[in-house]
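Each chain, letter by letter, is given below.
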Amino acid sequence: EPLRIVPRLEAAEAAAGGLPLLSLRREVAATQDHVRRALMHEPRGHAGMYGVVVVAGGAATAGAHLAALFLHGAGYSTMCGHAVLALGRFALDYGLVAVPSRPETAVRLLCPCGPVTAFVPWDGCRSGNPVRFHSVPAFAAAVDLAVDVPGHGKVVVDIGYGGTFYAFLSAEQLGLDVCSSKTRDLVSAASTVTEAVKKQFKLHHPESEDLAFLYGTILTDGKDAFSEEPTTNICVFADEQVDRSPTGSGVMARIALQYHKGLIQLNQTRTFRSSTTGSLFTGKAVKATKFGDYNAVIVEVSGEAFYTGTATFTVEEEDPLKYGFFLK
């Protein structure tokens, strides 16, 4: 999954003074959304582009090295696992951690959903792979929830939280195969599920209503019981955007659901494969905890992040499409 890193956005820094990160997320969405559109949409981006604004200073409080505002084609996420993996490397290589330690450095990030810690290999000169991180508390919000989905009838979904909420179900319930069906068909079916769940189930978050929304649907191969073999899934989020990675926040939520159902134990590592690119993340529940009224777990997610380049974009004031456009 791409990650377009914006190392500094002056408008966000100016607004950050004293604002909690969730409030800053609202403020940036209200006043700086042209930046997101210019960087995520065509001609500078594409329908699958993802990004992050790095916020230092005021918003990076409580001992964090940096705070992050996550961007996508339709708006602003509250958690992003693949971005955390990449930001861990970026923080070391671009000097955001004053004194990195060998062989691994803890990088503390503040995400809109809360604090996470990335553990990044460091050889004294540059960062390496794999990167791992410990999540915010992840939990099962609902299991075996019957939902009427237009065109598919009644299906059974689980709803898990991993910094954001997802609906989970096997693609088989929708007459599809997550590994061989056309991506367009998987996207259409997953989006229909998302809309149906939004209408039929009200979400609750223990800390903030800003976090109580369904971000998307993850279709799986149905292999939830513990196995050494990878389990495959596809995440369709926001406005029918398709994750090219196995979805770090989805791994958090899916591990929480599997732990809640007794299908895995603490420190049992599972491997998750993206049906779009074949890329792999691993995940395991490392600690049981409470989060509001929920029995939750801290999940460790591990994966690789690689640099692809740096860019400087130009926005000319007279350009009628200066803030991008979006084709579906």
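What comes next is a walk through the structure. Given the structure is predicted, the values throughout are model-derived calculations rather than measurements.

Turning our attention to the overall build of the protein chain. Helices and strands together make up the secondary structure of the protein chain, namely six helices and 16 strands. By the compact-globule yardstick of 20 Å for 328 residues, the protein chain fits well, its C-alpha radius of gyration being 19 Å. Out of the 328 residues belonging to the protein chain, those deemed buried represent 53%. Of the roughly 14100 Å² of accessible surface on the protein chain, a fraction of 51% belongs to carbon and sulfur atoms. Of the charged side chains in the protein chain, 29 are positive and 33 negative, and the gap between their average positions amounts to 2 Å.

In this chain, E42 is followed by P43 through a cis amide linkage whose omega measures 5°. Note that P43 resides in the loop between helix 3 (33-40) and strand 2 (51-55). Note the cis peptide between R102 and P103, where omega equals 0°. As for its position among the elements, P103 is in the loop between helix 4 (81-93) and strand 5 (104-111). In the Ramachandran plot, E240 falls in the positive-phi region, its phi being about 60° despite a non-glycine side chain. Relative to the helices and strands, E240 is located in the loop between strand 12 (231-237) and strand 13 (241-242).

Burial analysis of helix 3 places six of its eight residues in the buried class, which makes it a mostly covered element. Considered for burial, the residues of helix 3 that qualify are D33, V35, R36, A38, L39 and M40. Looking at the buried positions of helix 3, the neighbouring elements they touch are strand 1 (4-6), helix 2 (21-31), strand 2, strand 3 (66-71) and strand 4 (76-77).

Taken together, Y94, L96 and Y307 make up a surface patch of nonpolar side chains, about 300 Å² in accessible area. Here Y94 falls in the partly exposed class, since its relative accessible area comes to 48%.

Turning our eyes to something else, we now look at the nonpolar core. Where a protein is soluble and globular, its nonpolar side chains tend to be buried together. Counting 86 residues, the largest nonpolar core has F70, L87 and V107 as the members making the most contacts within it. Each of two domains, domain 1 (4-129) and domain 2 (137-302), supplies a minimum of three residues to this core. The contact partners of V107, leaving out residues within four places of it in the chain, are H65, L66, G88, A91, L92, V97, V116, T117, A118 and V120. Core analysis: the second largest hydrophobic core is formed by 19 residues, V6, L24, V28 and L69 among them.

A separate point is empty space enclosed by the protein. Within this structure, the stated rule accounts for one cavity of 30 Å³ or more. Taken as a whole, the largest cavity holds about 90 Å³ of empty space. Listed by contribution, the elements that provide at least two residues to the lining of the largest cavity are helix 4, strand 12 and helix 6 (248-260). In terms of residue class, the lining of the largest cavity is built from seven nonpolar, six polar and two charged. Counting contributing residues per domain, the lining of the largest cavity is built from domain 1 (4-129) and domain 2 (137-302), each supplying no fewer than three.

The buried fraction of strand 11 (residues 214-220) is high, at seven of seven residues. One ladder, built from six bridges, connects strand 10 (residues 165-170) with strand 11; its direction is parallel. Across the sheet, residue Y166 finds its bridge partner in strand 11, namely G216. Considered for its hand, the β-α-β crossover made up of strand 10, helix 5 (residues 183-200) and strand 11 is right-handed. Sheet topology places strand 11 next to strand 12; five bridges connect them, and they run antiparallel. Looking at the pairing, L219 lines up with I234 of strand 12.

The rules we used
- Residues numbered from 1 in each chain as written.
- Predicted model: local features only at pLDDT ≥ 70, side-chain atom pairs only at ≥ 80, totals over all residues.
- Heavy atoms only, no water.
- Helix = DSSP H or I, 4+ residues; strand = E, 2+ residues; numbered from the N terminus.
- Rg over C-alpha atoms; globule rule 2.2 N^0.38 Å.
- Buried < 20%, exposed > 50% of the residue type's maximum accessible area, 1.4 Å probe, protein only.
- Areas by Shrake-Rupley, 256 points an atom, 1.4 Å probe, with all protein chains shown as cover.
- Lys, Arg positive; Asp, Glu negative; His and termini not counted.
- Charge placed at Lys NZ, Arg CZ, Asp CG, Glu CD.
- Contact = heavy atoms within 4.5 Å.
- Patch = residues over 30% accessible without salt bridge, like charges linked within 9 Å, V, L, I, M, F, W, Y side chains within 5 Å.
- Salt bridge = Lys/Arg side-chain N within 4 Å of Asp/Glu carboxyl O.
- Core = buried A, V, L, I, M, F, W, Y, C linked by side-chain atoms within 4.5 Å.
- Domains from an automatic or database assignment.
- 1 Å grid on protein atoms, 1.4 Å probe; cavity = no way out; pocket = protein on both sides within 12 Å on 5 of 7 lines; lining within 4 Å.
- Points joined across faces, edges and corners; volume = space filled by probe spheres on them.
- Nonpolar A, V, L, I, M, F, W, Y, C, P; charged D, E, K, R; others polar.
- Pairing = 2+ DSSP bridges.
- Right-handed = clockwise from strand over helix to strand, strands pointing away.

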